[in-house]
Amino acid sequence: VQLQASGGGLVQAGGPLRLSCAAPGRPVSSLRMGWFRQAPGKEREFVAGISRSGATTYYADSVKGRFTISRNNAQNTVYLQMNSLSPEDTAVYFCAADPSYYSLDPRRLSTYDYWGQGTLVTVSS
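Residues numbered from 1 in each chain as written. Predicted model: local features only at pLDDT ≥ 70, side-chain atom pairs only at ≥ 80, totals over all residues. Heavy atoms only, no water.

### Quick word on the pattern of salt bridges
Per the counting criterion, the structure on display carries six salt bridges. A salt bridge links glutamate 45 to arginine 37; the shortest N-O distance between them is 2.7 Å. Its salt-bridge partner being arginine 66, residue aspartate 89 comes within 2.8 Å of it at the nearest N-O pair. Pair noted here: aspartate 89 is in the loop between strand E8 (77–82) and strand E9 (91–98) and arginine 66 is in the loop between strand E6 (57–59) and strand E7 (67–72), with a separation of 23 residues, a long-range link. Grouping residues by exposure puts aspartate 89 and arginine 66 together as buried. (Salt bridge = Lys/Arg side-chain N within 4 Å of Asp/Glu carboxyl O. Helix = DSSP H or I, 4+ residues; strand = E, 2+ residues; numbered from the N terminus. Buried < 20%, exposed > 50% of the residue type's maximum accessible area, 1.4 Å probe, protein only.)

This is the structure we're talking about:
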């Protein structure tokens, strides 16, 4: 499964940004999806996850209330709407896909078999 993340860029603190993750050739409706991020010098960390139907979402405490993960299965795309961005959100953001039907923890990196290339988000103060 190839994942293509896009939408990163430079934004001022307090501003919004929306990331997209497409999966050409594979219906995203068959995948549980997640977003992770990695800041310079830090480990990759969980940001948000979403079930196949979109009915269940998960968020890291640091982004809860500011970020929203959603999916449009008809457009075969998963989104991460980021609002009220702060410099602490600066990182490379990765989308990830879990094709299994096991009840694995969506917050764990090891749950996901497929990863996108990452898109850089830079928040200026």
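### Notes on the state of the cysteines
Using the criterion set out here, one finds one disulfide in the structure. Note that cysteine 21 is cross-linked by a disulfide to cysteine 95, the S-S spacing being 2.1 Å. Given an S-S torsion of about 65°, the disulfide between cysteine 21 and cysteine 95 has right-handed geometry. With cysteine 21 in strand E3 (residues 17–22) and cysteine 95 in strand E9, this residue pair connects regions lying 74 residues apart in the sequence. One exposure class covers both cysteine 21 and cysteine 95, and it is buried. (Disulfide = S-S within 2.5 Å.)

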